[in-house]
Amino acid sequence: MITVKKIGKHLGAEISGVDLSRPLDDDTFAQVANAFFDNEVVFFRNQKLTLEQHIAFTKRFGELEQHVRKEARLADHPEIFILSNILDDSGKAIGAQDAGRFWHSDLSYKREPSLLSALYAIKIPVKDGKPLGDTHFASSTAAYDALPEAMKQHLQGLKNVHSYREYRIKNYAAQQDEMRRGVRTVQEHAPTPEQLASVPDMATPVVRIHPVTKRKGLFVNEGHTSHMADMPREEGDALLKQLYAHITQPEFIYTHHWTPGDLLMWDNIAVQHKATFDYDPLPRLLYRTTVRGPAIC
Ligand code: SIN
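**Student:** Explain the pattern of salt bridges to me, please; I cannot follow it from the model alone.
**Tutor:** Opposite charge on two side chains permits pairing when their charged atoms draw close. This structure, assessed with the given rule, holds 17 salt bridges. A salt bridge links Asp-262 to Arg-45, with the shortest nitrogen-to-oxygen separation between them at 2.6 Å. Separated by 217 residues along the polypeptide, Asp-262 in the loop between strand S15 (253–256) and strand S16 (263–267) and Arg-45 in the loop between strand S3 (41–44) and helix H2 (51–59) bring together distant segments of the chain. Judged by relative accessible area, which is 26%, Arg-45 ranks as partly exposed. Residue Arg-292 is joined to Glu-65 by a salt bridge in which the shortest nitrogen-to-oxygen separation is 2.9 Å. In this pair, Arg-292 sits in strand S18 (residues 285–292) while Glu-65 sits in the loop between H2 and strand S4 (73–74), placing the two residues 227 residues apart along the sequence. Given the relative accessible area of 27%, Arg-292 is considered partly exposed. Looking at Glu-65, the relative accessible area reads 5%, which means it is buried. Through salt bridges with shared partners, a single network forms among Glu-63, Glu-65, Lys-110, Glu-112 and Arg-292.

Written as structure tokens, this is what we have:
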């Protein structure tokens, strides 16, 4: 019997009574899946998972994606995306050091944006007894529900363009700015032309209906949205700014404080997330799997 303890007002719950290293029977899996889609972000503490067990559990939800950034995938398990600031013997980062600077939803720039991600914590930096490197999650379904009716009407049928290319340019500018200000030095990923060609820009509805819960949510994010489609740039940018500020209000946010052994899953259609870079040079290492979602139509 699993226990689900709700944490945030709109999102976030701890699930206990589950050992994810073992195959879950259909009934237990159904309970976990229901709790997940109800709460949008769920976590399991004290898990001891091999790579295969992490992959096997998340595969129950659908087909796994391999990230466009090949250099941040685990060599023998390309379904695992490495998030880390640890350097190898040659001084090269072993994973993505720069993921999550901006609010975003994983792989939202794809034709089949991700349904969910599952992040497993291996090494978490701690200072003065407090974990560092929190991850913040914002519910875009709760944010949609809270919009005035007139705004909901206005957004129907509108599209925004998600662009991996523009995201990399934005990320590079942020990295240069951090270095100039002496805040932080990270190795920035420079995508190859082939990588960019594999993820062309996608026009996506601003309001998406969740394929499982049927709830409406706002599918715009400051990381991957480059602009509003079919709208003068200035007007589109002003609308996006307003929506970003609305979605990321404290009442729609759950912040996760990591402990090694946490397996945390979030719904990429219902929430967006952002990392915190407050831990360098302390080492941080997490492994992420990502489940493919339905195609944008
Ligand atoms: C991400 O998946 O965007 C990174 C989250 C984190 O490192 O906290």
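**Student:** What's the story with the site of the ligand in this structure? I'm lost.
**Tutor:** Surrounding the ligand, one finds Leu-83, Ala-99, Gly-100, His-104, Thr-135, His-273, Ala-275, Arg-284 and Arg-288. For the ligand, an oxygen atom lies 2.9 Å from a polar atom in the side chain of Arg-284. A distance of 2.9 Å is found between an oxygen atom of the ligand and a side-chain nitrogen or oxygen belonging to Arg-288. For the ligand, whose free accessible area comes to 260 Å², the fraction covered by protein is 99%. Assessed atom by atom at 2 Å from the grid points, the ligand resides in the largest cavity. Partitioning the shell around the ligand into residue classes produces three nonpolar, four polar and two charged.

**Student:** Whenever I open this one, the side chain of Asn-171 confuses me. Can you help?
**Tutor:** Mapped onto the fold, Asn-171 is located in helix H5 (residues 164–180). Relative accessible area serves as the criterion here: at 0%, Asn-171 is assigned to the buried category. Contacts of Asn-171, omitting those with residues within four sequence positions, involve Asp-98, Arg-101, Phe-102 and Glu-188.

**Student:** Is there a simple way to think about the packing of aromatic side chains in this case?
**Tutor:** The relative placement of two aromatic rings is captured by the distance of their centres and the angle of their planes. Under the definition given, this model contains twelve aromatic pairs. Pairing Phe-57 with Phe-61 gives two aromatic rings, centres 5.7 Å apart and planes at 85°, and the pair type is edge-to-face. On the basis of relative accessibility, which here comes to 13%, the residue Phe-61 falls in the buried class. A connected cluster of aromatic rings, assembled from ring pairs, spans Phe-29, Phe-36, Phe-37, Phe-44, Phe-57 and Phe-61. Positioned above the aromatic ring of Phe-29 is the side chain of Arg-60, whose terminal nitrogen or guanidinium carbon lies 4.4 Å from the ring centre.

**Student:** What am I meant to see in the sheet that holds strand S14 (residues 225–228) here?
**Tutor:** Whenever strands of a sheet pair, they do so through backbone hydrogen bonds, lying parallel or antiparallel. Taken in spatial order, the three strands line up as S11-S10-S14 in an open sheet, and their pairing is antiparallel. Every other strand in the sheet has two partners, leaving strand S11 (202–205) and S14 as the edge strands with one partner each. Each adjacent strand pair in this sheet contributes to an overall mean axis angle of 35°, direction not counted. Relative to S14, strand S10 (residues 159–162) runs antiparallel, the two being bridged by three bridges. Each residue of the ladder has a partner; that of His-162, found in S14, is Thr-225.

**Student:** Would you mind showing me how to read the nonpolar core here?
**Tutor:** Within soluble globular proteins, side chains that are nonpolar generally end up buried alongside one another. Counting residues in hydrophobic clusters, the biggest one holds 32 residues, and the most contacted among them are Phe-44, Phe-57, Phe-61, Leu-263 and Met-265. The set of elements that each furnish at least two residues to this core consists of strand S2 (13–16), helix H1 (26–39), S3, H2, strand S5 (77–84), strand S6 (114–123), S16 and S18. Setting aside its immediate chain neighbours within four residues, Phe-61 contacts Phe-29, Ala-33, Phe-36, Phe-37, Leu-115, Leu-116, Met-265 and Val-291. Counting residues in each nonpolar core, the second largest holds 21 residues, with Trp-103, Met-151, Met-228 and Tyr-244 among its members.

**Student:** I'm lost on empty space enclosed by the protein in this one. Help?
**Tutor:** The gaps of empty space that remain are located by a probe, the size of a water molecule, rolled over the atoms. Applying the stated rule across the entire model yields four cavities of 30 Å³ or more. Around the largest cavity, the lining comprises 19 residues; the ones closest to its centre are Leu-83, Ala-99, Gly-100, Ala-275 and Arg-284. Contributions of two or more residues to the lining of the largest cavity are made by S5 and strand S17 (271–275). Ranked by residue count, the leading element in the lining of the largest cavity is S17, at three residues. Its residues assigned to classes, the lining of the largest cavity shows eight nonpolar, seven polar and four charged. The computed volume of the second largest cavity comes to approximately 110 Å³. Surrounding the second largest cavity, 14 residues form its lining, His-67, Ala-99, His-104, Tyr-167 and His-224 being those nearest its centre.

Rules of the game
Residues numbered from 1 in each chain as written. Predicted model: local features only at pLDDT ≥ 70, side-chain atom pairs only at ≥ 80, totals over all residues. Heavy atoms only, no water. Salt bridge = Lys/Arg side-chain N within 4 Å of Asp/Glu carboxyl O. Helix = DSSP H or I, 4+ residues; strand = E, 2+ residues; numbered from the N terminus. Buried < 20%, exposed > 50% of the residue type's maximum accessible area, 1.4 Å probe, protein only. Near = heavy atom within 4 Å. Polar contact = N/O pair within 3.5 Å; in protein donor to acceptor, adjacent residues only side chain to side chain. Areas by Shrake-Rupley, 256 points an atom, 1.4 Å probe, with all protein chains shown as cover. 1 Å grid on protein atoms, 1.4 Å probe; cavity = no way out; pocket = protein on both sides within 12 Å on 5 of 7 lines; lining within 4 Å. Sits in = over half its atoms within 2 Å of the grid points. Nonpolar A, V, L, I, M, F, W, Y, C, P; charged D, E, K, R; others polar. Contact = heavy atoms within 4.5 Å. Phe/Tyr/Trp six-rings, centres within 6.5 Å; stacked < 30°, edge-to-face > 60°. Lys NZ or Arg CZ within 6 Å of the ring centre and 35° of its normal. Pairing = 2+ DSSP bridges. Axes fitted to C-alpha atoms, helices over the stretch in contact; angles between N-to-C directions. Core = buried A, V, L, I, M, F, W, Y, C linked by side-chain atoms within 4.5 Å. Points joined across faces, edges and corners; volume = space filled by probe spheres on them.

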